[in-house]
Amino acid sequence: MRMAIRLSMGSQHHCQGTLLPVSTHHETRVCRALPRDTNDEYRRPDGLNEQEQREWDAMMEDPTVHDLFYGMGSSGQSGGERPANAPEKPLTSQEVAQMVKMGSWRVGPLVIPQIELLVSHIETMMWDILPDVTASDIPRKYAYLDTMDPKGEGRMSHNIPDPSKEDAAWPRMQIENRVYESYCFRKLHIEVAVKQDGMQVLHLVMYPRTNFSLPIVSMDLVAFKGTPSLAIIDPCPVTSNLTLPPLYATSVQSLQDTYNVATNRGIPDWGRDIFSPLCILLRPTSPEDMGGFLKYTLALINFHLQFARLATPLEDGSRTIQEIEQAHIRYCAKQLENDKTRRVLATCFGTEVADDYMDNFMFDHHIQKTTKNDDDDNGTTHHAS
């Protein structure tokens, strides 16, 4: 089913609402919250032109859409019956995240539960908290990488069989990326990598625009053969002395105390110039370790998005912006010193692809603008959610 009006069009009208799974292009996607009145009824979003109002009204009169929003059989026209255990009210965003999971990701069926949980909830929080978040266009060569399809010619990766262990193409490596942006974030990057030998990686970087005094939240979770082996998350400071704003730091420390998380291994040399004193880096040694990290990660990202939503831009030309700009450059430069990431990519895709991917996509501040209009439609793929 393809709707005449994308449900994400309400993105200019932030509200506390419900995220709904909507089938479009044969993929289940989570769309923005629709505005609801005090009686918990869905209402037409504000700001629609006359044509959009007619399309909205027509869409809401469709029995299938009515049943989707209010429950099977609610329209009285589809012939369906409301299941006895169906919820009376629409699902919350977190309930939808638990249902949808990574349904629209190609690598979704392959990832471990911990990565699936983080990705589904992080994407949901982005749409739920940021009033103007949109999916960014990604050059096709970065959107999805597959060692079994090095030229990116295949669109249905599940039709490509995995190589056997005796095959020279083993182990297969697949990398999928999503990028979002908003008024205060130039790039919200989620990367999921799955390698046939059992390695899996979730990589997240939340790049603010450099006219906002916001930390760069950076998170990585590495697993091998189904077990998380390394987890790191930090609100990387954008100050020259690596300090966080006092209110922000106090809140993060409180979250760490609440979820009982602590670092149990040393910071790598390349990370000492970008990570804050509140960086959490651990090798999980128990389910409790991993559970605490997952809860803390989601709580920190929720707090960071709420904090960013209330932030105001700095005045153009201020000395603070110059300091922030240098901090972003420093962050990317130091991340590019991580030889382990580069070696893994080079082994799978070759040195040229690895260098291009890391330098011009993962840690690309040197080619980005501060302003909102960073559009390039040439050879891109759009991931609408």
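Computed from a predicted structure; not experimentally measured.

Asks: Help me get a handle on the overall build of the protein chain, residues and values and all.
Replies: Broken down by element type, the protein chain carries 10 helices and 12 strands. Counting every position in the protein chain, which comprises 385 residues, the buried fraction comes to 49%. Across the protein chain, the fraction of contacts at a sequence separation of at least 24, relative to all contacts at a separation of at least 6, is 63%. Of the accessible surface of the protein chain, which amounts to about 18,900 Å², a share of 50% is contributed by carbon and sulfur atoms.

Asks: Hey, could you go over the pattern of salt bridges for me, with residue numbers and the actual values?
Replies: Counting across every chain of the model gives 13 salt bridges. Across the pair lysine 334 and aspartate 273 runs a salt bridge whose closest N-O atoms are separated by 3.2 Å. Residue lysine 334 is found in helix α8 (residues 319–335), and its partner aspartate 273 is found in the loop between α6 (246–259) and β11 (280–282); the two are separated by 61 residues along the sequence. On the basis of relative accessibility, which here comes to 36%, the residue aspartate 273 falls in the partly exposed class. Residues participating in the shared-partner salt-bridge network are Asp146, Asp162 and Arg172.

Asks: Mind laying out the confidence of the model for the protein chain, listing which residues take part and the relevant values?
Replies: Taken residue by residue, the protein chain gives an average pLDDT of 80. The fraction at 70 or more is 71%. Taken as a whole, residues 1–40 scores under 50 in pLDDT and shows 118 contacts with residues more than four places along the chain or in a different chain. Throughout residues 369–385 the model reports pLDDT below 50, and contacts reaching past four residues in sequence, or to other chains, amount to 45 contacts.

Asks: Requested: an account of the environment of aspartate 149, with residues and values cited.
Replies: If you trace the backbone, aspartate 149 turns up in the loop between β5 (144–146) and β6 (173–181). For the pair aspartate 149 and isoleucine 160, spaced 11 residues apart in the sequence, the C-alpha separation amounts to 8.4 Å.

Asks: Give a detailed account of the packing of helix α4 (residues 113–129) against helix α7 (residues 287–309), specifying residues and quantitative values.
Replies: Interaxial distance between α4 and α7 falls to 10 Å at its minimum, and their mutual angle equals 15°. One way to sum up the angle between α4 and α7 is to call them roughly parallel. When the axes of α4 and α7 are compared, the crossing they make is right-handed. Facing Gln114, Leu117, Leu118, His121, Ile122, Met125, Met126 and Ile129 of α4, the residues of α7 in contact are Met290, Leu294, Thr297, Leu298, Ile301, Asn302, Leu305, Gln306 and Arg309. Across the contact of α4 with α7, the residue classes break down as 11 nonpolar, 5 polar and 1 charged.

Asks: Outline the nonpolar core, listing residues and values.
Replies: Counting residues in each nonpolar core, the largest one holds 53 residues, and the members touching the most others are Ile122, Ile190, Val192, Leu202, Met219 and Leu305. Contributing elements (two or more residues each) for this core: α4, β7 (185–195), β8 (199–208), β9 (216–224), β10 (227–236), α6, β11 and α7. The element contributing the most residues to this core is α7, with 11 residues. What leucine 305 contacts, discounting residues up to four positions off in sequence, is Met125, Met126, Ile129, Leu130, Phe185 and Met206.

Asks: Explain unusual backbone geometry to me, and be specific about the residues and the numbers.
Replies: Cis geometry marks the peptide bond from tryptophan 170 to proline 171, where omega comes out at 0°. Along the chain, the position of proline 171 falls in the loop between β5 and β6.

Asks: Requested: an account of α8, with residues and values cited.
Replies: Compared with the 24 Å implied by 1.5 Å per residue over 17 residues, the 25 Å span of α8 between its first and last C-alpha is a close match. Restricting attention to buried positions, one finds in α8 the residues Ile321, Ile324, Ala327, His328, Arg330, Tyr331, Cys332, Lys334 and Gln335. On its buried face, α8 is in contact with β8, β9, β10 and α10 (351–362).

Asks: Got a sec to walk through the packing of helix α9 (residues 339–349) against α10? Specific residues and values, please.
Replies: Put simply, α9 and α10 touch, their axes get as near as 7 Å, and they point 135° apart. Overall, the two elements α9 and α10 adopt an arrangement that is oblique. Along this stretch, α9 crosses α10, giving a crossing that reads as right-handed. On α10, the residues that touch Thr341, Arg342, Leu345, Ala346 and Phe349 of α9 are Thr351, Val353, Ala354, Asp355, Tyr357, Met358 and Asp359. Partitioning the contact of α9 with α10 into residue classes produces 7 nonpolar, 2 polar and 3 charged.

Parameters at a glance
- Residues numbered from 1 in each chain as written.
- Predicted model: local features only at pLDDT ≥ 70, side-chain atom pairs only at ≥ 80, totals over all residues.
- Heavy atoms only, no water.
- Helix = DSSP H or I, 4+ residues; strand = E, 2+ residues; numbered from the N terminus.
- Buried < 20%, exposed > 50% of the residue type's maximum accessible area, 1.4 Å probe, protein only.
- Contact = heavy atoms within 4.5 Å.
- Areas by Shrake-Rupley, 256 points an atom, 1.4 Å probe, with all protein chains shown as cover.
- Salt bridge = Lys/Arg side-chain N within 4 Å of Asp/Glu carboxyl O.
- pLDDT = per-residue confidence, 0-100.
- Axes fitted to C-alpha atoms, helices over the stretch in contact; angles between N-to-C directions.
- Parallel < 35°, antiparallel > 145°, perpendicular 65-115°, else oblique.
- Left-handed = near helix turned anticlockwise from the far one by under 90°.
- Nonpolar A, V, L, I, M, F, W, Y, C, P; charged D, E, K, R; others polar.
- Core = buried A, V, L, I, M, F, W, Y, C linked by side-chain atoms within 4.5 Å.
- Expected span 1.5 Å × (residues − 1).

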